[in-house]
Amino acid sequence: MKLAERVKRIKPSPTIEIDSKVKQMKADGIDVIGFGAGEPDFDTPDFIKEAAITALRQGKTKYTPVGGINELKDAIREKLKRDNDLSYSREEILVSAGAKHSLYNACQALLEAGDEVIIPAPYWVSYPDQVLLNDAKPIIVPTREENGFRLTPQELEKAITKKTKVFILNSPSNPTGSAYSRKELEGLAELLVQKNILCFADEIYEKVVYDGFHQASIASFNPQIRELTLTFNGASKAYSMTGWRMGYAAGTKELVQAMTKIQGQVTSNINTPTQWASVEALNGSQDFLKGWLIEFKKRRDFIVKAFNSIPGVTCTNPQGAFYVFPNVSAMFGKKYSGKTIKGSDDLATYLLEKALVAIVPGSGFGADRHIRLSYATSMENICKGMERITKAFKELSY
Ligand SMILES: *Cc1c(COP(=O)(O)O)cnc(C)c1O
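Just so it is clear, the structure is predicted and the values come from calculations on it, not from any experiment.

Attention now moves to the nonpolar core. Judged by nonpolar contacts, the single largest core of 79 residues is most densely connected at Ile 303, Phe 307, Leu 347, Leu 351, Leu 373, Ile 389 and Phe 393. Counting only domains with at least three residues in this core, you end up with domain 1 (5–43 + 288–393) and domain 2 (47–283). Contact partners of Leu 347, with chain neighbours within four places excluded, come to Val 328, Met 331, Ile 341, Ile 371, Phe 393 and Leu 396.

Quick look at the structure:
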């Protein structure tokens, strides 16, 4: 069998290999601590589950319009108005099987061979591969740790060519947790408008923010940038609904309808009970989130402090999401059992095999000097895990 060439263009998600190793170790009775989770460790709130159960009981189990039921589109429109100062019609919203699916629909609707897509690194693993699957070219632009991993308009401008079609913005970011202020976004928006470049604004971690930070939506600044922006969000992170698969995109009618046409030939609507549960999630009380954020913040503060107290390691304090992204390059060149640690992949293997801690190497996010740890796990695990990591780092030598 000859598989299509596009299969070779992409790689499996970098978390998968570690994840399967961890699962095997756990099955073998080994006490391994996992920092790999890309999802909140809290349960979906009960009132959301109840809405899905009610929908099932009422027989809401059939096809719906491709882009989502009107009730959900209206709940999304209300949310965008309430939280993001954004006004969209039903025709300007598409509900997909997760924000990841919305992003893919957008790539399908826009990209062709020769198009360039600017992706700041460190980046979420799926961006480059979705671009590659659609024949376009990801242009990876590194950000600086000293600048909180945020791209400046000057850095963006240098990467722009005649072929640039889209700029992907992710704030708060996975994997760094860094987030752009309104003023920083305004600088980027001005340049995008001037150069007429589309913007994918991935705001999935919008609600997971600390210390009073508020995530502004770039599309809300003026009609010009609204015209160029597609805003992505969903239920996965804010409502701990990763497995339910509800994400959405909001943008111009022309683009959103093109994406809807594509989705109509690929998956049709997302599952119907999830849509009804999502209506409840968006319209219901958001109070549960306060408790989650208090817990996340406690863990973030602990883990950032623990990393910064390891000699040679630096760890920026994230404004959002539930990841830390320490620079561990001080460990590179050191040895254990005769093996030299050359990069983040080697360090991940070392930590897993010798310290029984699973982290994700930065290589998969375009930042090999770093590792990613998710703190969507209990404080107990975090304390134990950080003790193990600190000890393991100390045991490395030249
Ligand atoms: C989790 C995540 C998503 C989307 O997840 P879905 O479950 O597909 O909605 C999108 N972008 C980033 C950066 C993420 O971390």
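Right, let's get into helix H5 (residues 99–110). If you check H5, its first and last C-alpha atoms are 17 Å apart, about what 12 residues at 1.5 Å a residue would give, namely 16 Å. Taken together, the buried positions of H5 are Ala 99, His 101, Ser 102, Leu 103, Asn 105, Ala 106, Cys 107 and Leu 110.

All right, on to the domain arrangement of the protein then. Along its sequence, the protein is organised into domain 1 (5–43 + 288–393) and domain 2 (47–283). Computed over C-alpha atoms only, the centres of domain 1 and domain 2 are separated by 26 Å. Across the boundary between the two partners, domain 1 contributes 37 residues, which contact 35 residues of domain 2. Counting the surface lost from both domain 1 and domain 2, the interface buries some 3,000 Å², and carbon and sulfur atoms represent 57% of this. Looking only at domain 1, the three residues that lose the most surface to domain 2 are Arg 9, Gln 319 and Phe 365, adding up to 21% of its buried area. Joining domain 1 to domain 2, the criterion identifies five salt bridges. Where Lys 297 meets Asp 211, a salt bridge forms, and the shortest distance between an N and an O atom there is 3.3 Å.

The rules behind these values
Note that residues are indexed from 1 along each chain, following the sequence as it is written. Only residues with pLDDT of 70 or above have their local features reported here, since the model is predicted, and side-chain atom pairs are shown and tallied only from 80 upward, although totals for entire chains, interfaces and linings are computed over all residues. The basis for the side-chain values is all heavy atoms of the structure; hydrogens and waters are excluded. Take the buried Ala, Val, Leu, Ile, Met, Phe, Trp, Tyr and Cys residues and link them wherever side-chain atoms come within 4.5 Å; each set so joined is a nonpolar core. Between buried and exposed lies partly exposed: a residue is buried under 20% and exposed over 50% of the maximum accessible area for its type, with that area taken using a 1.4 Å probe on protein chains only. As used throughout, domain bounds are those supplied by an automatic or database domain assignment. We call two residues in contact when some of their heavy atoms are within 4.5 Å. Runs of H or I in DSSP of at least four residues are treated as helices and runs of E of at least two as strands, each being numbered from the N terminus. Given the number of residues in a helix, its expected span is that number minus one, multiplied by 1.5 Å. Put simply, buried area is how much 1.4 Å-probe accessible surface two parts lose in total, over both of them, once they are put together. Within this document, salt bridges are pairs made up of a side-chain nitrogen of Lys or Arg and a carboxyl oxygen of Asp or Glu, the two lying within 4 Å of each other.

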